[in-house]
Amino acid sequence: MSQTHAPMEMRSEHAADFWVNQRVISLGGITVYPMECRPLTFHRTPKLIARSDPEAFHLSLIKRGAGAVTLGKDTVVHGVKDIHTSDTSRPFDISSGPHSVEIIGVEVPKALLPLPPHTAGRVIGKRISAREGMGALLATFLDQVTKDSRSYRPAEGPRLSGVLADLVASLFAGVLEADRSLTPETHRRALALRVMAFIRDHADDPLLDVPAIAAAHHISVSYLHRVFQQEADGATVAAFLQGRRLARARQDLADPLHQGVPVHVIGARRGFRHASAFSRAFREAYGLPPAAFRAQARQDPEGTVPPAAFRAARHDPEQTA
């Protein structure tokens, strides 16, 4: 933990049979680490700060258990789907409570956060929910990154680090209602991530289209296209939406539980208003019609997807990740 976070005093009532499972994922300058352990208490003292200070903000997304953070005279208790924060430059006590805890920890150097440190520091110690808004978006991102970190190439680390820094900055700014302190680049990237999350949540709606997506975010269609072009590897909004629908339809077609559902019904459930449009898009993306794909999946349930599938999957972060 001294290497992952900062030097600390640690104590546990379960020292005799203590166990911990932790992975460390380095994303450029930011570190993410999923961890689960028996009850533990962390103490960051003024003496330890004077000895070594990496000058970083810490966030912990609580997946299981609970924790209490004490900063000065204030103590805040956090539960599942809460995010607690601390600052390596300030003394703190963090207790994981009487039961084992599972978290995803994040270490963000202050220099990498696109938000003035004195502004970001005002968030430290506040209770932040991961159930909605930017907190939920950050939680989804962390879950995805930690689910299978081996799927990311080392060269992708700096970009993931930039996305994560922008998410944390947007979260902090939202807590403080200090959006004016964010850079335009951070605003744009945060908007792109919100739009992608919105599309994933509403892709099955056959009435969802580009104008509806723009209207839901109170922006013009032209600005929506510009944001996507700059922040989504050049993917168009329409391609991202169709990729999400196709990926879900493909999963349904390969699922034995849906083998009695007609192909055109699956297409309709996944947002395609016309069977012919669904069939044509599916063939273009995966190299064969939906019915043929379903037949192949039944014959070879462990088989691989035709290479053409990646044309659709590359516009769908949930598939590529």
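Starting from 1, residues in each chain are numbered consecutively following that chain's sequence as written. At least 70 in pLDDT is required for a residue's local features to be given in this predicted model, at least 80 for side-chain atom pairs to be given and counted, and no such filter applies to totals for whole chains, interfaces and linings, which use all residues. Heavy atoms throughout the structure, all of them, feed into the side-chain values; hydrogens and water do not.

Asker: Is there a simple way to think about the overall build of the protein in this case?
Answerer: Of the regular secondary structure elements, the protein holds 13 helices and twelve strands. In terms of overall dimensions, the protein has a C-alpha envelope of 70 × 50 × 35 Å along the principal axes. Buried residues are those whose accessible area, probed at 1.4 Å on protein chains only, stays under 20% of the maximum for their type, while exposed residues exceed 50% and partly exposed ones sit between those limits. Looking at the protein as a whole, 47% of its 321 residues qualify as buried. Contacts are assigned to residue pairs that have any heavy atoms within 4.5 Å of one another. When contacts within the protein are restricted to residue pairs at least 6 apart in sequence, long-range pairs at least 24 apart make up 71% of them. Runs of H or I in DSSP of at least four residues are treated as helices and runs of E of at least two as strands, each being numbered from the N terminus.

Asker: Is there a simple way to think about empty space enclosed by the protein in this case?
Answerer: Empty space among the atoms becomes apparent when a probe as large as a water molecule is rolled across them. Computed over the protein atoms alone on a 1 Å grid, cavities are sets of points where a 1.4 Å probe fits but cannot get out and pockets are open sets with protein on both sides within 12 Å along at least five of seven lines; a residue lines them when it has an atom within 4 Å of a point. Grid points are joined across faces, edges and corners, and a volume is the space filled by probe spheres set on the points. Using the criterion set out here, one finds one cavity of 30 Å³ or more in the structure. Reported here for the largest cavity is a volume of approximately 200 Å³. Residue lining of the largest cavity: 22 residues in total, with Phe 42, Ser 60, His 84, Ile 94 and Ile 103 positioned closest to the centre. Sorting the residues of the lining of the largest cavity by element identifies strand S4 (30-37), strand S6 (56-64), strand S9 (82-87), strand S10 (92-95) and strand S11 (101-109) as the ones contributing at least two each.

Asker: I keep staring at unusual backbone geometry and nothing clicks. Help me out?
Answerer: The phi torsion of most residues other than glycine is negative, and most of the peptide bonds are trans. For Glu 55, which is not glycine, the phi dihedral falls at a positive 55°. Within the element layout of this structure, Glu 55 appears in the loop between helix H1 (46-51) and S6. The class of Glu 55 is partly exposed, set by a relative accessible area of 48%. Even without being a glycine, His 218 presents a positive backbone phi close to 60°. Judged by its relative accessible area of 74%, His 218 falls in the exposed class.

Asker: Help me out: how do you make sense of the sheet that holds strand S5 (residues 41-44) in this one?
Answerer: The strands making up a sheet associate through hydrogen bonds between their backbones, and the pairing can be parallel or antiparallel. Two strands qualify as a pair provided DSSP detects at least 2 bridges between them. In space, the five strands of this open sheet follow the order S1-S5-S10-S7-S8, with antiparallel pairing throughout. Because the sheet does not close on itself, it has two edges, and the strands there are strand S1 (9-11) and strand S8 (74-78). Each strand axis lies, on average, 15° off the axis of its neighbour in the sheet, ignoring direction. Here S1 runs beside S5; their pairing, made up of three bridges, is antiparallel. Paired with Glu 9 across the bridge in S5 is His 43. For helices, the fitted line uses only the C-alpha atoms of the stretch in contact; every axis is such a line through C-alpha atoms, and the angle between N-to-C directions lies from 0 to 180 degrees.

Asker: What's the story with the pairing of S9 in this structure? I'm lost.
Answerer: Remember that side chains alternate between the two faces of the sheet whenever the strand is regular. Judged by how many residues are buried, S9 sits mostly within the fold: six of six residues are covered. Residues Asp 82, His 84 and Ser 86 line one face of S9 and the alternating positions Ile 83, Thr 85 and Asp 87 line the opposite face, and both faces are buried. Pairing of S6 with S9, which is carried by five bridges, proceeds in the antiparallel orientation. Considered in S9, the bridge of Leu 61 is made with Ile 83. Where S9 and strand S12 (residues 128-129) come together, two bridges link them in antiparallel fashion. Bridging across to S12, Ile 83 finds its partner in Ile 128.

Asker: Is there a simple way to think about the confidence of the model for the protein in this case?
Answerer: Reading fine detail from the predicted coordinates is not recommended where pLDDT is low. Looking at the protein as a whole, the pLDDT averages 87, with 93% of positions reaching at least 70. Confidence of the prediction at every residue is given by pLDDT, a number between 0 and 100. Ignoring residues within four places in sequence, the model shows residues 303-321, a span with pLDDT below 50, making 39 contacts including any to other chains.

Asker: Mind showing me how you'd approach the side chain of Thr 85 here?
Answerer: Among the secondary structure elements, Thr 85 is positioned in strand S9. Each polar contact in these results corresponds to two N or O atoms within 3.5 Å; when the atoms are within protein, one needs to be able to donate a hydrogen and the other to accept it, and residues that are neighboring in sequence are counted only if both atoms are side-chain atoms. A polar side-chain atom of Thr 85 sits 2.9 Å from the main-chain amide nitrogen of Gly 125. Beyond its immediate sequence surroundings of up to four residues, Thr 85 is in contact with His 58, Leu 59, Val 69, Val 123, Ile 124, Gly 125, Lys 126, Ile 128 and Phe 172.

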